[in-house]
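Reading the structure
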Amino acid sequence: MSGPSRRELLTTLLGASAALAACRKPPTRPAGELLAPDLERAHRLVRDGAPFPREGVREERTRVAVVGGGPAGLSAAWRLVRGGLDGVDDVRVLELEAVVGGTSRSGECDVTRYPWGAHYVPVPVREARALATLLDELGVVEGRARDGSPIIAEGVLCRAPEERLFHRGLWYEGLYLYDGASHDDLAQLRRFREAIGAWARVRDAKGRRAFVTPISHASDDVASGELDGRSMRAWMDERGFTSPRLRWLVDYGCRDDYGLSSEETSAWAGVFYFAARLGETGRSAPLMTWPEGNGRLVRHLAGVAGARLRTGWIVRNVVIRGEREVAVEGWDAAGAPVRVVAERAIVATPRYVARRIVPALAEAIAREPGAASDEALAFDYGAWVVANLHLRDRPSARGCPFAWDNVLFDSPSLGYVVATHQTGLDHGATVWTWYYALTQPGREARERLLSATREEWADVALADLGRAHSDLGGLVERVDVFRWGHAMVRPRVGAGAARRRRDGARSSGPVHLAHTDLSGVALFEEAQDHGVRAAEEVLDALGVRSPSMR
Amino acid sequence: MHASEPREAAPRPIRRIWGPPPAVPKEPVEPPARKAAVSLLLLTVLVIATCGLVYELLASTLASFVLGDAVTQYSTVIGVYLSAMGLGAWLSRYVNEAVARTFVDVEISVALVGGLSAPVLFFAFAHLSWFRLALYLVVLVIGALVGMEIPLLLRILRERFEFRDLVARVLTVDYLGALVGSLAFPIFFVPKLGLVRTSLVIGAINAAVAITSTSLLRGSLRSVTGLRVRAGIVLGVLIAGIVAADRLTLLAEDGMYADEIVYAKQTPYQRIVITRGKGSFQLFLSGNLQFSSADEYRYHEALVWPAVSVRARDGLPTRDVLVLGGGDGLAVRELLRVPELLRVTLVDLDPAMTRLARTMPLLRAQNEGAFDDPRVHVETADAYVWLSDPVNAAKRYDLVVADFPDPNHYALGKLYTTRIYRWMREHLSGGGVLVVQSTSPLFARRSYWCIARTIQAAGLAVAPYHALVPSFGEWGFVLAREGALEAPTTLAPSTRPRRALDDASLRALFVLGPDMGAEPVEINRLDNQVLVHYYEEDWRKYL
């Protein structure tokens, strides 16, 4: 990287002042590795349409084939096994990547495990029964609260202080910048909380909440209509929420959970971010986290799936052969063509993959009114960069001494989380996971993502965090970078009610779809809910009796 | 002075040319340049005399700081120093050639040894058991070198003055220098710079004198380059020392402590400072007093014996004990006095702290070499991480002593949560007892009760108690165990007599006055860390 181009890159990705500050110091260039989904093979075979051979195809039989080993697919397999399909050959999970977990995957080094993507789940509300069951299996549920929500073990609840915010040379505890806030700022914050609290208390005639995860438990008719048609920013404007620090908080929330600015986020999703976490008591649900983030949940689910997992498989076609048979065609890890014949298939891939490998779904989409705009709007995926910084020691910091989530007020990045925070390892080596969401339109975001190399993204991360920790450069031993091209589905303005998509083409004969993008937001609870829902549809169709977990 | 020195005879003709006419010996007529050189040489005498006295005062003061008993330290150091000066004066007779060169070399040596004396002696104090020997050795070397200075200078100057004039001038300036040194030392050096910086600065002045005297004595020196290089190196070392002195004691730090800092070290975990006052010394971790040697027995007897007495009352021996924190070894010392004790496992975060407690004579004497006892095992780990490690999950102890620093930081707050108390509970054997140092129930009343309630919330019965430790004030502890817990009434036997406790005073520990009574508080959990906030608010009223 030469001087001017480095400055240009940093200016584009971090802003002029950060670039100027970073360019005053020579860049440190720690070692590291570039990670990304195995796009090349997938693109070659699926997007570019490699033909599946007619002969020399090995055939395998199973009762249920699950395509995709992310949180949705693993949850489906988990639900099937728990529901009684517990023979090794009853269920087969086919995953494209060498490792399962999707965007909840994680890494491990001598010091700690660390996340590569999703890193927390709020304590489930009463409605999220499947999540409570999963947590029970993890041994972290200590009882039930009066409202029926699980009481979670202390060690899993995010250790205080949860967040800190860097502003003008100092770290402040919490995400809202109280320091220097005017009376009007605080009055607006109070009013904002009241508005969110009011949405959280809304119940429909059946007693269902407007905002709750899983969304399948939310009211069908209360919330989305009014909110979905405008941006979160517009919603705030209408209500006179003009306080810059409140706007910052809301914009940060949108970027953090959805990878979109508040101007582009549907107000429904913006309110959802805040309101869905409020339990019956009106207090924000505590967060659960592990050193490896949601990788902990994935690890448990993968353990349950065990020998039923097949990694490195490319699925080309999911062919419906009538009401009771489906053939999943593709190549195994060794590159040999395989046809897995099953009674049912659960396609737990993002929509843009599903519509390429399930011809029946593509046909159904083509028949839908406004199909093209559905693709353009409803299933928009954001690009993310995640960098893991391996530190030999903790850099200095002024103000609040440490926190789990560390956010810079003046940065387009999302800051970093500390992998060792939850384990109480407060000194010495650690791993920081830095997040950066590219909020541009999908194609532009992906081009920008891929335009910078591992070294350049590492430089961006160090320049970003170097503003808050001047001695960081000398303490970083390596920076591994993950470039996520399609990280998460993004709930844009006008994306339409999530219900409409959820209901549209969710199953077709023996094929059932399961993915968080059906909910319009990317959350572990949603992925799990769809996986469990699809598995229960399958159990029902196969005549296996099992009380619902949902 | 020795009269016959063949080599020195050579310059005499010069004296004849420039020297005073015999008729007016008291008023030698000298050209202005030479006169200036003589004045500068006399100024040199003044400076080295000042430096010499400061070294003497430095060694005496340092010795009385670290060893106490100022009268003995001043007497012995001054005695050794003066007699060493005599030794130096005597040794100067063996300098036959190159007197000027030897003088400059002596200056360089004084600069090095004297300049580094305070840092070296502080280091020796912290790390060597034979500190006194090191002290007198350093004093001896400096004294001998300083003792050589004036005789050598007299010989250098003798061709420029008549003898009686020479002695009068040099000794006058010498004693004047002593006055300057003795006034500057208490008024300027110690209060403004502290001992370590004073030592380095005085050494640097000595080195500067060495460099200027190479110019003043150029006529008597064959080559000045080698001397200047040597002096320059020494000056460089001392200046580097002044820059690095912050690592020994921070300039700003000296004002923070009531007494003199005799040891300071920044570790990756905390700042360890030991101060020495009249007849006692204190340990501070990150600015917080951990103990004063004057009254720590009150604290440590109160920490250990109520728990041991509870077990003794129930007919249970205290054989296997886990101490969390307490890297100073004082709680361990107290535990080693339990007659039936078989094993103590101490888990402390900072290896520098346990190493210091093991090796520093001052601390060793206080903990009675506790870490050398074969019954004691030290593990270096964060107690929180150690307790959560599955490797340690099966270990059970008759007594767990949680002796952590006060919860003034989130990293320490985790050591007072329900989560860690549950782990401690799991590590108790049948009838096992937990005792927790719990800050002051008087100064930090909510913090104290928050700790007590948090231990209760972890499923243990508690018995709150307190002890008066003058250097801390009214101090609090919480005794806990599963099932019911009643305060002990009879003191368990010890191999040594207790100073603060007997049966009656043991019972009195468990009586808390109304101003220390229970207050409504929240439970301290990992995900709220309320204790850190209570603590900050409670102590703000007093600090």
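Residues numbered from 1 in each chain as written. Chains lettered and ligands numbered in written order. Predicted model: local features only at pLDDT ≥ 70, side-chain atom pairs only at ≥ 80, totals over all residues. Heavy atoms only, no water.

1. Some details on helix H18 (residues 524-541) of chain A
All names here are of chain A.
- The first and last C-alpha atoms of H18 sit 26 Å apart over 18 residues, in line with the 26 Å expected at 1.5 Å per residue.
- For H18, the tally of buried residues reaches 15 of 18 residues, placing the bulk of the element in the interior.
- Gly 543 lies just past H18 and shows a positive phi near 75°. (Helix = DSSP H or I, 4+ residues; strand = E, 2+ residues; numbered from the N terminus. Expected span 1.5 Å × (residues − 1). Buried < 20%, exposed > 50% of the residue type's maximum accessible area, 1.4 Å probe, protein only.)

2. Some points on the domain arrangement of chain B
All names here are of chain B.
- Domain boundaries assigned for chain B yield domain 1 (6-244), domain 2 (253-289) and domain 3 (295-540).
- Summing both sides of the interface, domain 2 and domain 3 together bury roughly 1,200 Å²; the carbon and sulfur share of this comes to 78%.
- Sorting the residues of domain 2 by area buried against domain 3 places Tyr 269, Phe 281 and Leu 289 first, and these three jointly supply 41% of that buried surface.
- Where domain 2 packs against domain 3, one counts 0 salt bridges.
- The residue inventory of the side of domain 2 that touches domain 3, partitioned by class, reads 8 nonpolar, 3 polar and 2 charged. (Domains from an automatic or database assignment. Buried area = accessible area lost by both parts, 1.4 Å probe. Salt bridge = Lys/Arg side-chain N within 4 Å of Asp/Glu carboxyl O. Nonpolar A, V, L, I, M, F, W, Y, C, P; charged D, E, K, R; others polar.)

3. Focus: the nonpolar core
- Counting residues in hydrophobic clusters, the biggest one holds 89 residues, and the most contacted among them are Ile 274 and Met 360 of chain B.
- Looking at which element gives the most residues to this core, the answer is helix H3 (residues 32-67) of chain B, with 17 residues. (Core = buried A, V, L, I, M, F, W, Y, C linked by side-chain atoms within 4.5 Å.)

4. Remarks on the packing of aromatic side chains
- Using the criterion set out here, one finds 37 aromatic pairs over all chains in the structure.
- Between Tyr 352 of chain A and Tyr 381 of chain A the ring centres are 4.8 Å apart and the planes differ by 80°, which places this aromatic pair in the edge-to-face class. Highlighted residues: Tyr 352 of chain A in helix H12 (residues 351-357) and Tyr 381 of chain A in strand S18 (residues 381-391), separated in sequence by 29 residues.
- Between Tyr 384 of chain B and Trp 423 of chain B, the aromatic rings sit 5.0 Å apart at their centres with planes inclined by 70°, giving edge-to-face as the arrangement. Here Trp 423 of chain B lies in helix H15 (residues 418-426) and Tyr 384 of chain B lies in helix H13 (residues 383-388), a separation of 39 residues in the sequence. Trp 423 of chain B matches Tyr 384 of chain B in its accessibility class, with the two residues each being buried.
- An aromatic cluster of three or more residues is present, and its members are Tyr 299, Phe 443, Tyr 465, Phe 472, Trp 475, Phe 477, Phe 510, Tyr 535 and Trp 539 of chain B.
- The ring of Tyr 94 of chain B carries the charged tip of Arg 93 of chain B above its face, separated from the ring centre by 5.1 Å.
- One Lys or Arg, Arg 499 of chain B, reaches over the ring of Tyr 297 of chain B and ends 3.8 Å from the middle of that ring. (Phe/Tyr/Trp six-rings, centres within 6.5 Å; stacked < 30°, edge-to-face > 60°. Lys NZ or Arg CZ within 6 Å of the ring centre and 35° of its normal.)

5. Quick word on unusual backbone geometry
- Going from Ala 160 of chain A to Pro 161 of chain A, the amide bond is cis rather than trans, its omega being -5°.
- The residue Pro 161 of chain A is located in the loop between strand S9 (150-152) and strand S10 (163-167) in this model.
- With an omega of -5°, the peptide bond between Thr 213 of chain A and Pro 214 of chain A qualifies as cis.
- By the secondary structure assignment, Pro 214 of chain A is in the loop between helix H6 (183-201) and helix H7 (224-228).
- In this structure, Ala 98 of chain B is a non-glycine residue whose phi angle is positive, near 45°.
- Along the chain, Ala 98 of chain B turns up in the loop between helix H4 (70-91) and helix H5 (99-127).

6. With respect to the packing of helix H4 (residues 71-82) of chain A against H18 of chain A
All names here are of chain A.
- Look at H4 against H18: their axes get within 7 Å of each other, and the N-to-C directions meet at 40°. Here H4 is positioned oblique relative to H18, judged by the angle of their axes. Relative to H18, the crossing made by H4 is right-handed. Contact residues: Pro 71, Ala 72, Ser 75, Ala 76, Trp 78, Arg 79 and Leu 80 in H4; Phe 524, Ala 527, Gln 528, Gly 531, Val 532, Ala 535, Glu 536, Val 538 and Leu 539 in H18. (Axes fitted to C-alpha atoms, helices over the stretch in contact; angles between N-to-C directions. Parallel < 35°, antiparallel > 145°, perpendicular 65-115°, else oblique. Left-handed = near helix turned anticlockwise from the far one by under 90°. Contact = heavy atoms within 4.5 Å.)

7. Some remarks on the interface of chain B and chain A
- At the junction of the two partners, chain B supplies 21 residues and chain A supplies 18 residues.
- In total, chain B and chain A occlude about 1,500 Å² of area from one another, counting both sides; carbon and sulfur atoms represent 56% of this.
- Where chain B touches chain A, the interface holds 2 salt bridges.
- Taking the shortest distance from any N to any O, the salt bridge between Glu 154 of chain A and Arg 422 of chain B comes out at 3.7 Å.
- Where chain B touches chain A, the interface holds 9 residue pairs in polar contact (both at pLDDT 80 or more). (Polar contact = N/O pair within 3.5 Å; in protein donor to acceptor, adjacent residues only side chain to side chain.)

8. With respect to the domain arrangement of chain A
Residue and element names in this part refer to chain A.
- Each assigned domain of chain A is listed here: domain 1 (3-30 + 381-489), domain 2 (40-104 + 293-378 + 493-541) and domain 3 (159-285).
- Centre-to-centre separation of domain 1 and domain 2, based on C-alpha positions: 33 Å.
- If you look at the interface, domain 1 gives 6 residues, while domain 2 gives 10 residues.
- Buried area between domain 1 and domain 2, both sides added, is near 650 Å², and the carbon and sulfur share of it is 71%.
- For domain 1, the biggest contributors to the area lost against domain 2 are Tyr 381, Trp 484 and Val 489; these three give 70% of the whole.
- In this assembly, domain 1 and domain 2 are joined by 0 salt bridges.
- Here domain 1 and domain 2 share 2 residue pairs in polar contact (both at pLDDT 80 or more) between them.
- Broken down by element, the side of domain 1 that touches domain 2 gets its largest block of residues, 5 residues, from strand S22 (residues 476-489).
- Class assignment of the residues belonging to the side of domain 1 that touches domain 2 gives a composition of 5 nonpolar, 1 polar and no charged.

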